There are 4 protein chains.
Amino acid sequence: MQLSVFQIDNYGPWTVTPEPRRETDLQSLQARLYSDLADFVGAADGYVFYDRFDNMVGVTNGIDHDQFELLQERVRNRYPFTISVGVGSGERPAAALDAASAALQETGSAQDAHRTEMIAGEPAASPGPVTIAHFDVVDVTGKYTDRASTAETSLALQRATLSLAEYMLDHHDSLSYFVGGDNIITVCPDLDEQAFRAAIDAVADQTGIDLQVGVGRGQRSHEAGYSAKEALEHCRETGSRIEANRQPVHTD
Amino acid sequence: MQLSVFQIDNYGPWTVTPEPRRETDLQSLQARLYSDLADFVGAADGYVFYDRFDNMVGVTNGIDHDQFELLQERVRNRYPFTISVGVGSGERPAAALDAASAALQETGSAQDAHRTEMIAGEPAASPGPVTIAHFDVVDVTGKYTDRASTAETSLALQRATLSLAEYMLDHHDSLSYFVGGDNIITVCPDLDEQAFRAAIDAVADQTGIDLQVGVGRGQRSHEAGYSAKEALEHCRETGSRIEANRQPVHTD
Amino acid sequence: MQLSVFQIDNYGPWTVTPEPRRETDLQSLQARLYSDLADFVGAADGYVFYDRFDNMVGVTNGIDHDQFELLQERVRNRYPFTISVGVGSGERPAAALDAASAALQETGSAQDAHRTEMIAGEPAASPGPVTIAHFDVVDVTGKYTDRASTAETSLALQRATLSLAEYMLDHHDSLSYFVGGDNIITVCPDLDEQAFRAAIDAVADQTGIDLQVGVGRGQRSHEAGYSAKEALEHCRETGSRIEANRQPVHTD
Amino acid sequence: MQLSVFQIDNYGPWTVTPEPRRETDLQSLQARLYSDLADFVGAADGYVFYDRFDNMVGVTNGIDHDQFELLQERVRNRYPFTISVGVGSGERPAAALDAASAALQETGSAQDAHRTEMIAGEPAASPGPVTIAHFDVVDVTGKYTDRASTAETSLALQRATLSLAEYMLDHHDSLSYFVGGDNIITVCPDLDEQAFRAAIDAVADQTGIDLQVGVGRGQRSHEAGYSAKEALEHCRETGSRIEANRQPVHTD
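Residues numbered from 1 in each chain as written. Chains lettered and ligands numbered in written order. Predicted model: local features only at pLDDT ≥ 70, side-chain atom pairs only at ≥ 80, totals over all residues. Heavy atoms only, no water.

In this section: the overall build of chain A. When helices and strands are tallied, chain A shows 8 helices and 10 strands. If one aligns the C-alpha atoms of chain A with their principal axes, the spans along those axes are about 55 × 45 × 30 Å. Scored against the burial criterion, the 252 residues of chain A give a buried share of 66%. A separation of at least 24 residues holds for 69% of the contacts in chain A among residues at least 6 apart in sequence. Of the roughly 8,400 Å² that chain A leaves accessible, carbon and sulfur atoms contribute 45%. Averaging the locations of the 19 positively and 39 negatively charged side chains of chain A gives two centres separated by 4 Å. (Helix = DSSP H or I, 4+ residues; strand = E, 2+ residues; numbered from the N terminus. Buried < 20%, exposed > 50% of the residue type's maximum accessible area, 1.4 Å probe, protein only. Contact = heavy atoms within 4.5 Å. Areas by Shrake-Rupley, 256 points an atom, 1.4 Å probe, with all protein chains shown as cover. Lys, Arg positive; Asp, Glu negative; His and termini not counted. Charge placed at Lys NZ, Arg CZ, Asp CG, Glu CD.)

A word on the nonpolar core. Among soluble globular proteins, nonpolar side chains are generally buried collectively. Counting residues in hydrophobic clusters, the biggest one holds 110 residues, and the most contacted among them are Phe6 and Phe196 of chain A together with Phe6 and Phe196 of chain B. Counting 108 residues, the second largest nonpolar core, distinct from the first, contains Ile119 of chain C together with Phe53, Ile63 and Val75 of chain D. (Core = buried A, V, L, I, M, F, W, Y, C linked by side-chain atoms within 4.5 Å.)

Taking 1.5 Å as the rise per residue, helix H6 (residues 150-172) of chain D with 23 residues should run 33 Å; its terminal C-alpha atoms sit 32 Å apart, in good agreement. Asp173 of chain D occupies a position one or two residues after H6 of chain D and carries a positive phi of about 50 degrees. (Expected span 1.5 Å × (residues − 1).)

A word on the relation of the copies chain A and chain B. Overlay of chain A on chain B (RMSD 0.0 Å): rotation 180 degrees, translation along the axis 0.0 Å. What the superposition gives is, in effect, a two-fold axis relating one chain to the other. Within chain A, Ala31 of chain A has its C-alpha nearest the rotation axis, a separation of 2.5 Å. The share of interface residues of chain A whose copies in chain B are also at the interface is 100%, consistent with both copies meeting through the same surface. (Least-squares fit on C-alpha atoms with pLDDT ≥ 70 in both.)

What follows concerns the environment of Thr161 of chain C. The topology assignment puts Thr161 of chain C in helix H6 (residues 150-172). Sequence separation of Thr161 of chain C and Phe178 of chain C is 17 residues, and the distance between their C-alpha atoms is 6.4 Å.

The next point concerns the sheet that holds strand E3 (residues 55-59) of chain A. All names here are of chain A. Pairing in this open sheet of 5 strands is mixed, and the strands run E2-E3-E1-E4-E5 from one edge to the other. Strands with a single pairing partner mark the edges of an open sheet, and in this sheet they are strand E2 (47-49) and strand E5 (119-120). Pairing between E2 and E3: 3 bridges, direction antiparallel. Bridging across to E3, Val48 finds its partner in Gly58. Contacts from helix H8 (residues 221-238) reach E2 and E3 within the one sheet, and its direction differs from that of E2 by about 80 degrees. (Pairing = 2+ DSSP bridges. Axes fitted to C-alpha atoms, helices over the stretch in contact; angles between N-to-C directions.)

Counting residues at the interface gives 73 residues for chain A, matched by 73 residues for chain B. A combined buried area of about 5,900 Å² lies between chain A and chain B, and 54% of that area is made up of carbon and sulfur atoms. For the chain A face of the interface with chain B, the top three residues by lost area are Glu23, Arg52 and Thr150 of chain A, together amounting to 12%. For the interface between chain A and chain B, the tally reads 8 salt bridges. Across the pair Glu166 of chain B and Arg159 of chain A runs a salt bridge whose closest N-O atoms are separated by 2.5 Å. Top element by residues in the side of chain A that touches chain B is helix H6 (residues 150-172) of chain A. It accounts for 14 residues. Grouping the amino acids of the side of chain A that touches chain B by side-chain chemistry returns 28 nonpolar, 25 polar and 20 charged. (Buried area = accessible area lost by both parts, 1.4 Å probe. Salt bridge = Lys/Arg side-chain N within 4 Å of Asp/Glu carboxyl O. Nonpolar A, V, L, I, M, F, W, Y, C, P; charged D, E, K, R; others polar.)

Here we come to the relation of the copies chain A and chain C. For the match of chain A to chain C, the screw axis carries a shift of 0.0 Å, the RMSD comes to 0.0 Å, and the turn is 180 degrees. Mapped onto chain C, 100% of the interface residues of chain A again fall at the interface, so both copies present the same surface.

Let us look at the interface of chain A and chain C. With 16 residues of chain A in contact, the opposing surface of chain C contributes 16 residues. For the pair chain A and chain C, the summed buried area comes to about 1,500 Å², and 36% of that belongs to carbon and sulfur atoms. Among the residues chain A hides against chain C, the three largest losses belong to Asp25, Asn77 and Arg78 of chain A. Together they make up 42% of the total. In this structure, the connection of chain A to chain C is made through 8 salt bridges. Applying the counting criterion to the chain A and chain C interface returns 10 residue pairs in polar contact (both at pLDDT 80 or more). Counting residues per element, the ones that place at least two in the side of chain A that touches chain C are helix H2 (23-43) and helix H3 (65-76) of chain A. Split by residue class, the side of chain A that touches chain C holds 5 nonpolar, 2 polar and 9 charged. (Polar contact = N/O pair within 3.5 Å; in protein donor to acceptor, adjacent residues only side chain to side chain.)

Glancing now at the sheet that holds strand E3 (residues 55-59) of chain C. Residue and element names in this part refer to chain C. Taken in spatial order, the 5 strands of this open sheet run E2-E3-E1-E4-E5, and their pairing is mixed. The sheet is open, and its two borders are formed by strand E2 (47-49) and strand E5 (119-120), each paired with just one other strand. Packing against the sheet, helix H8 (residues 221-238) makes contact with E2 and E3, and its axis sits at approximately 80 degrees to E2.

Let's shift gears to the pattern of salt bridges. Scanning the entire structure with this criterion turns up 72 salt bridges over all chains. Measuring nitrogen to oxygen at the nearest pair gives 2.8 Å for the salt bridge that ties Asp45 of chain D to Arg22 of chain C. Highlighted residues: Asp45 of chain D in the loop between helix H2 (23-43) and strand E2 (47-49) and Arg22 of chain C in the loop between helix H1 (11-15) and helix H2 (23-43), drawn from two different chains. Given the relative accessible area of 8%, Arg22 of chain C is considered buried. The network of salt bridges with common partners includes Asp25 and Arg32 of chain A, Asp39 of chain B together with Asp36, Arg74 and Arg78 of chain C.

In this section: helix H7 (residues 193-207) of chain A. Residues and elements named next belong to chain A. Here H7 is 15 residues long and its end C-alpha atoms lie 21 Å apart, about the 21 Å a rise of 1.5 Å per residue gives. All of the buried residues in H7 are Ala195, Phe196, Ala199, Ile200 and Val203. Seen along its axis, H7 keeps its buried residues to an arc of 135 degrees; they face one direction. Looking at the packing, one finds that the buried side of H7 touches strand E6 (130-137), H6, strand E8 (183-188), strand E9 (211-218) and strand E10 (242-245). (Arc of directions from axis to C-beta.)

Time to look at the packing of aromatic side chains. Tallied over the entire structure, the rule returns 50 aromatic pairs over all chains. Geometrically, the ring pair formed by Tyr11 of chain A and Phe81 of chain A is edge-to-face, given 5.7 Å between the ring centres and 85 degrees between the ring planes. Residue Tyr11 of chain A is located in helix H1 (residues 11-15), and its partner Phe81 of chain A is located in the loop between H3 and strand E4 (83-89); the two are separated by 70 residues in the primary sequence. Accessibility expressed as a relative area gives 6% for Phe81 of chain A, which makes it buried. Look at Tyr79 of chain B and Phe81 of chain B: their rings are 5.7 Å apart centre to centre, the planes differ by 5 degrees, and that puts the pair in the stacked class. The pair Tyr79 of chain B / Phe81 of chain B is uniform in exposure class, with both members buried. Members of the aromatic cluster, connected to one another through ring pairs, are Tyr34, Tyr50 and Phe53 of chain A together with Tyr34, Tyr50 and Phe53 of chain B. For Arg21 of chain A, the ring lying beneath its charged end belongs to Trp14 of chain A, and the centroid distance is 3.9 Å. (Phe/Tyr/Trp six-rings, centres within 6.5 Å; stacked < 30°, edge-to-face > 60°. Lys NZ or Arg CZ within 6 Å of the ring centre and 35° of its normal.)

Turning to the side chain of Thr186 of chain B, a few remarks are in order. Residue and element names in this part refer to chain B. Note on placement: Thr186 falls in strand E8 (residues 183-188). A polar atom in the side chain of Thr186 sits 3.0 Å from the side chain of Ser176. Among all residues touching Thr186, those that are not within four sequence positions of it are Thr131, Ile132, Ala133, Phe135, Leu164, Met168, Ser174, Leu175 and Ser176.

Quick look at unusual backbone geometry now. Residue Pro18 of chain A is reached from Thr17 of chain A by a cis peptide bond, and omega for that bond is 0 degrees. Look at Asp173 of chain A: it is not a glycine, yet its phi comes out positive at around 50 degrees. Examined against the element boundaries, Asp173 of chain A turns out to sit in the loop between H6 and strand E7 (175-178). For Asp173 of chain A, a relative accessible area of 19% corresponds to the buried category. Even without glycine at this site, Asp139 of chain C takes up a positive phi of about 55 degrees. With respect to the helices, strands and loops of the structure, Asp139 of chain C is situated in the loop between strand E6 (130-137) and helix H5 (140-145). What makes Asp139 of chain C partly exposed here is its relative accessible area of 44%.

With that settled, the discussion passes to the confidence of the model for chain A. For chain A, mean pLDDT is 95; residues scoring 70 or higher make up 97% of the total. This prediction of the complex comes with two scores: 0.96 for pTM and 0.96 for ipTM. (pLDDT = per-residue confidence, 0-100.)

Set out below in structure tokens:
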């Protein structure tokens, strides 16, 4: 699959020049940029995660050099800054993202005022299929939202996300992102049910939080992720903890 | 200070009715709602954190019942859903947020289709001052962004955020939120320099990540947070790890 | 009442530097800026019209110098350009707007790269009441939208808007703006029913298009405009062509 | 070329149910929808005009049925309403738009609560080239923005737009839209320089306003429009009133 890192050029210095900018303006700005990226990548059936907001991560199968340039043009024409893009590919998501960030790092520092609007690394002609695992917390409304304090619920979800992300990175070179509510999405290679069972057990052992997961696979993130969400609905209906929608995947 | 929780009414069911909605559309929608809340609360010199996106947390000193209604009207007129608000006050942020979420929980479940557009709890006439501590990672660009993999940097920041959030909640009833880049904002009661030093040490011990912090105080989050950001600039310039801008605070 | 003109600083040159920018990016950008202004002014119960997009017009009763600065800060922190504001007041809307644009023109040219973020003219402490007349086309869906071509309907509405705007400016120093659909809003001094009847007759004579109107009055545009919209609903229900909601107006 | 009308389903009734909605919320909402359409159509190198906001018009060469569905899905997932689309094609823009609106009208009324998310008419496999004429007012800043009142400038531009739109529709079956500032864009069949000269003369005779125009041609609106904007820059530099960039146009 093809992974991308989207980096705001020289953002840190901009946020404090000539003096620190109003925090809510920065928050609003970052959220809008993310919304625009989600729309752009989403129109190509990809996924994008806000990650650190100044560095966002996308699964961008099928998005080529011209389209990245179009996105850069759009940002330049609308925001007070520009963005650079690093691209990498491979069967293992974390390795692909490493390649993407390494390619970008080779073009210069994120805080070099002259390193702007780079596209580093090569988009893949045949990026290969994507596996999406969509996790959520079992009965989050009953156990947390309607009962626990907002602060405790928030920390519980951060613990679950971090625990899952560390486990999936270490064991399966996979990337996990909190996507709001009680939802965590993991971008994986092709894994079997046992691998997900072990991950859920590891999170429960470490944090006491029970996750369930739907898994889907496809040529694009949307196809894979939609399958995963349907599978997760089966978990909710049946009480199952792991459901996989293993559709046949055709080569591009 | 006055804390608020903003909750999308019956959001979970909506996201999967009649079938799961496209993930990037949901991501974009959540980011836009957050952007709108940041603008609204920011215009009153408050802060708002995206927290779980379907439950957002704000420091809302001075925002009264009529203004919350105006915000609810705006959301109703623009989004495919509505929001409810819980409000609580006190000198200790976590206690104030607990009061806010408890007040909201008493009105019914977040997934009750008939519990919509609540305003629970009472806005405070004299909410009292706010202390904002603005943390970031020492030399994040040199140590992480330009060197480490995007995945590792992301996990490092999640570990630092979680470690700090747990410490500040346990020891000082304070609330901590990642706000993008390498920035973490903590909403605190009035704490001395020693308290922040101990927090930084605890995070370094637990995660190996070095934080620095600027601290500010004021009648509104913006005033306090702006002071904190100026103080943090002093850290960056001088190599100091803790700088406090202790302005005189006038009663409202 | 208090009128304002919001002008993008040096916008024309920016749109073609270093080469012409993508038209849809400009369109999207202008719409977003207008949306942000509508939110900002709307939160203070004012109205804003997109006018020429690079010059927007607002009825801004009660918005003071500090709030205009906050708006300028927000634009500067979010857009690739800045804005200036001209302010004028009086009982006659066009005269107040003339004062606002004259004050702004005195600070320099809209295309002077060094004339940025001006606030020209003085916000009024007691701006006085606002009268809003909300017009629409009688049976637009039956006569136009569902029957005529889109191009013809569009021209019919432009003719009606222009005819009404010219009449109301010449006879009553009033300002008229198309606001979407078949709606035209006129900002007026205190006029009687006969004045509106003559305006409707003039438009019908000149263009053959039948308008109806609801009229409201209040200390803020929202109060006046909401009354006007309620009055217009009476027209729709009763077949009346002119309805005025003459609420008592209290001094600020 | 392929023209589309984008219509908000049952919008009028929604704006007043259960009572009239806040005007600035509606204005902001309409602007955001237009911004989203501009982004979506713009990513396919098309153009979209806000027209009446509840009915927007696009030049949508190359956008097929699946993409219109994706756009409808995006609107449904994000807004409190849905949209329908009418599509028509041909060498003459107004005829193509007529076909698009007639196809949509045949599916039912714009105010039928059960006629939602239609796609009427057939996207064209080979829509043929687009001619874009980009007009602006000669020395608008010196003659109007920096000198005349905002209200007078606004009316002057409305007169010029209406005069041009009527002329170009009557004589060349073309569609003209104000796009902000002093810019008017006309979507035309393939016309020679003499046709544009006559149009400019007609507007000057009728309104006293001097226009200049750049003309471009291409397989997509962006390609044609960008050429037109470059040509218009030549007018600004040379004092010429009409410049055409007649690039070779290849069949799709």
